[in-house]
Structures are given as C-alpha cells and as structure tokens.
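Listed below, chain by chain, are the residues.
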Amino acid sequence: MLKKNLSVNYSMSDSVNTFRRFLEKKSEGIRIDRKEGKAFWDVPVNSSEANYTGFLEFAYSTNLSGDYVYLDRSTAFEIVNRLNWMESKIKRLVKRERIMILLLSAVLIIAVLGWLT
Amino acid sequence: MSSLRPLVNRFKEELERRFIGNENIKSILILNLLHKRSTILIRAPRGTGKSTLMLLILKGLFGDDFVVISGASEVKRGEVVGRLHIPSLERKGIEKVLWAKFVEARGKGIDEVNRLNPYTTANIHHLMQFGEVWAYGQKYTVEDYTLIANENPNDSTTFMQPPPFYDRFDIAVYLNSLSISQKFALQEFNEKNGYDLVRSMPQVMSFEELSQIRREVEETELDPEITGFINVLIRDFQICVKGKEHSNMPLPVLCEGCHFTRFICSRVREPPSERATIVLLQLAKAKKWLDGNVDEKDILEMAKWVLVHRTGLLNPEKPLKEIDELIEMEKERMFERESRKQWFILNELYSGFNPSLYRTAKEIAAEDNVFAEELFLLEEKWIKEGKISREETLKAELGLE
C-alpha cells in the first residue's frame, strides 16, 4: 500500500534559487553600470591601514605593511608604467651625464693645452 | 533563546570535568550530538580514554538506556540485530524475531569498531544507512539514536572496514595522551570520585529533551552566505576538472599537464562524499542554535573533523596535519575569492550574458577551478543560445574540450 503522506519537498529549481540567493547576498553593495558594451562596477574598499590599493599611498605611507598587499590590475599597470618611465629617464640622464663628462674633459684638455702653450 | 540551551551547557561542563585534556575536540563532540541520528568515531592509541569518552557521553545523555557492543569479543548476529523466538516457532509455527537491545537502545556504543567481523559491520552499516535492520525477513525501523564508536587505527589485529562504512560517521575525532598537569588533574578527580568516572556522570537530559533540542536545531535557519561557504569548501575538496571520480589513473599522474596543479584537488586522492556537506550544515545549525551565531572561521574549524576520515589523501601518513594544511590553503583561497568579487561577476552573468564580464570571468576561472566549473555550465547554455562558439569557451582554452 502506498503511503499518501510521502512527499519530496525539494526540486532542482529550489536549489538554483538558493544558489542565486547566495550569489545575490555576495553581490550586495556592488553597483554595476553598463556603457558602450562595457560593464563598470564599484567595489567597496575597506579603509584598513594595512591594505593599500594605491601605489603612491603604499609607497609614502609611514605605517607598517600588512601580511598581504592587494593591488588591482590598473594599479599594477601603473607600477609597470612608472618603472618603465623611470628606466627611460635614467637612460636619458646617464646619456646626458656622459656627454657632460666628455664636454668637461674636452674643456679641461683645451685649458691645459692653453696653459702649457 | 531556547530554554534547553542550559542543559547542553551543563552536559558540556559535566563532560569536561570528567574528561580531562583534548580540549580541541570537546566543542565539536557536543555540537555533533545535537542533530538526529548522530554518529561519532573516536580514534586514539590504546589507553588514551576513547572508551571512557564514549561511555561518558552515552551515560550523560541516556542514563542507563544504552548498549555497548565490543568488537574485541565474538559478537554474534543475534546480539547486534535480532534472534528467532524459538517457542513461537515450535508452538505456533510463527517466525517471531526478538530484536537485540543494541537495535532498540537510543544510545549505541561500539568498542574497537575495527575489530568487528565483516558480517556485523554490514548489519550496522545498513542500520546507519537506512535507519532499519532486517532479520529472518522482518524489518525493524530504528528511530532517532546516537551511535559512538571507537578504534585504535594502529591496532594490527583488525579487519579493514570499508571506506563507505567510515563515511557514515558524521565526525572522527583523534585523542592525544595527557600532559603531566592533566595527569595530576585526572588523579585528583579520581581520588574524589572513587576511580569511577563513568558511574559519577549524571544523566543531564531526558530523551524527550534531547529530541526537542534536535528538532529546534533542525529548524534553525542558516544565512545563505554560510550555506554557500560550506558548499564551496566541500566542492574545493571534491572538484577535479580532469574527472578524477571516474578515472583509473592515479594521482599525481592524472594531474600532469593540468592547469590547477597547485590546488587542493592535487592532494586529494579520493574526494569526500556529499555527506560531508550535510554534516557541516548540521554542525553549523547546532553552533548557531547553541551560541547564537556561526561564522566562516567556525566552519573551517569544524571541517577538519568532518573531512579527516572521509577524504582519501595523497599524503596519508599524517592525516590531521595534511588536513590542517589543506584547510589553511582553503582560508587563503576564500580570501582571494572575496578580493576578486567573483561571485558578484557570476551573479551578473547569471542575469544575462555580457562579453566584457565573460572575459573577466574567464580570467578569474584560470585562478579558481570551482568558479571555472560554474562558468563551464553557463558556457554550455550560451552555446545553445548561440551567444558564443565552442572554440572561444574557457573549456577549449584550457584544453578540456
């Protein structure tokens, strides 16, 4: 004889709903904007002293760093660009320094020759 | 607040007063007793108090209404399941079964479970699996119970019990021997109580009260974030993008060429069953019921005792240490997931396909196999809808197509 009160109160759609509730809960406080086929969203940042997200903020801070430093992609590129810029600047300065040394040497040689003659 | 919480706290106090040392396992033991058909496995070397702990718990919850069978003695089927009532058969020709006290008792203990013969193990396995036992063609349905077993894993004179049997135990706790200060404390207690720890243990609650507690715990609701955390945690121990579950190829050979070789999956030979998720959910509910809250840190602490006996490890020599390391890895992964805001991106993709978000999701998936798995499912849907081609999917990019 079949028991009439046997019922299954679970379905796949229930599980999908609870999964979506989890995702929505995790997404709370993040707003998304769509412009020209691209998506932009704001990520709330905790103002913890140990977690710097800006390159300059981190570099010039007097606080001790935490165990982890999280950088977003744009900050990472900012660092790369700054390093490249600094390298090219150093190359230029080294080149200028060599020219100055050559010029100074030439002036000294001329001065010495003038003094001797 | 439930009026029954003080009973649980008193039970904990009485247990702690008598069972000295091993502080790290007491909370999980108490929490695991708060759901229906609770099962606990205690593993320890000989003489470290595993039988005492088992008896203290059973006495504290059930008074004298508990039965302990010993794997070390010759246990017959009739003592564990049931035997035929001979007079009924002789006089009336009726096969009447006298069910064993072990089946009927609400508190069940198995001493030295790894010494049980395979036939007895099979009967107990069936009881734990289906909540029923069979004898002479008759069935006995077992209602709510608490089953505590113990074993010395280093005992050489034992049977190899099958992994599915151990999987039926909600948690496995490991005991350590006592430090000298703890030895002094135990001796002091024994002096005062006539060297009979178990007899001195009072029954703290009635079975009706325990049942009410278990009902209340069952009805406790968890936040979606906690449920999600548990599901992600267990999935991290289960997942293998190379199909470990249905492969005969052993680890680490299977992992060769895999993108995710630094992940937990590469150190798990046999993943935990879905029971791990169910038990962790029950423990989380119990924690919330008892303490008023449960957080992700609590879940990670509880996970150790849920996973240690149901996960086949690549380095099984020191299981507790290995599980500790894997859970430590898990903490970092969860932190990284939060930093990447990946669940938000997945939520957006569930709402609708967006090419730029999809590109970001693919980058994230390269760092997270659990996220990748969910993205694979979405990709299948988008392929059917004609939004993307199979060639541009993450699966194709990872060489898994």
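In this text, all values refer to a predicted model and were calculated from it rather than measured experimentally.

A few words on the overall build of chain B. Each helix and strand in chain B was counted, giving 19 helices and 11 strands. If you line up chain B on its principal axes, its C-alpha atoms span 75 × 60 × 45 Å. Looking at the 401 residues of chain B, the share that counts as buried comes to 51%. Put simply, of all contacts in chain B between residues at least 6 apart along the chain, 75% involve residues at least 24 apart. Accessible area of chain B: about 18900 Å², with a carbon and sulfur share of 50%. Taking the average place of the 56 positive charges on the side chains of chain B and the average place of its 63 negative ones, the gap between the two points comes to 4 Å.

The next point concerns helix 12 (residues 224-238) of chain B. Given a rise of 1.5 Å per residue, 15 residues ought to cover 21 Å, and the 21 Å separating the end C-alpha atoms of helix 12 of chain B matches this to within 8%. Buried residues of helix 12 of chain B: B:Ile226, B:Gly228, B:Phe229, B:Ile230, B:Val232, B:Leu233, B:Ile234, B:Asp236, B:Phe237 and B:Gln238, and no others.

Here the focus is the confidence of the model for chain A. Residue and element names in this part refer to chain A. With 58% of its residues at a pLDDT of 70 or more, chain A has an overall mean of 74. When mean pLDDT is taken per element in chain A, helix 3 (residues 73-116) scores highest with 91 and helix 2 (residues 55-59) scores lowest with 64. Overall, residues 1-10 carries pLDDT values under 50, and its contacts beyond four positions in sequence, including any with other chains, amount to two contacts.

Here we take up the domain arrangement of chain B. All names here are of chain B. If you check the domain split of chain B, you get domain 1 (5-218) and domain 2 (224-397). A C-alpha centroid distance of 34 Å is found between domain 1 and domain 2. Each partner contributes to the interface: domain 1 provides 25 residues, whereas domain 2 provides 19 residues. Each partner contributes to the roughly 2100 Å² buried at the junction of domain 1 and domain 2, and carbon and sulfur atoms together form 64% of this total. Of all residues in domain 1, Arg5, Leu31 and Asp167 bury the most surface against domain 2, accounting for 29% of the area lost on that side. Across the pair Arg275 and Asp167 runs a salt bridge whose closest N-O atoms are separated by 2.7 Å. Where domain 1 touches domain 2, the interface holds 11 residue pairs in polar contact (both at pLDDT 80 or more).

We now examine unusual backbone geometry. Residue and element names in this part refer to chain B. Positive phi, normally seen in glycine, also occurs at Asn22, with a value near 50°. Inspection of the secondary structure puts Asn22 in the loop between helix 1 (5-18) and helix 2 (23-32). On the basis of relative accessible area, Asn22 is assigned to the buried category, the value being 8%. Phi angles above zero are rare outside glycine, and Arg37 is one such case at about 50°. One can find Arg37 in the loop between helix 2 and strand 1 (38-43). A relative accessible area of 33% places Arg37 in the partly exposed class.

Cut-offs used in this document
Residues numbered from 1 in each chain as written. Chains lettered and ligands numbered in written order. Predicted model: local features only at pLDDT ≥ 70, side-chain atom pairs only at ≥ 80, totals over all residues. Heavy atoms only, no water. Helix = DSSP H or I, 4+ residues; strand = E, 2+ residues; numbered from the N terminus. Buried < 20%, exposed > 50% of the residue type's maximum accessible area, 1.4 Å probe, protein only. Contact = heavy atoms within 4.5 Å. Areas by Shrake-Rupley, 256 points an atom, 1.4 Å probe, with all protein chains shown as cover. Lys, Arg positive; Asp, Glu negative; His and termini not counted. Charge placed at Lys NZ, Arg CZ, Asp CG, Glu CD. Expected span 1.5 Å × (residues − 1). pLDDT = per-residue confidence, 0-100. Domains from an automatic or database assignment. Buried area = accessible area lost by both parts, 1.4 Å probe. Salt bridge = Lys/Arg side-chain N within 4 Å of Asp/Glu carboxyl O. Polar contact = N/O pair within 3.5 Å; in protein donor to acceptor, adjacent residues only side chain to side chain.

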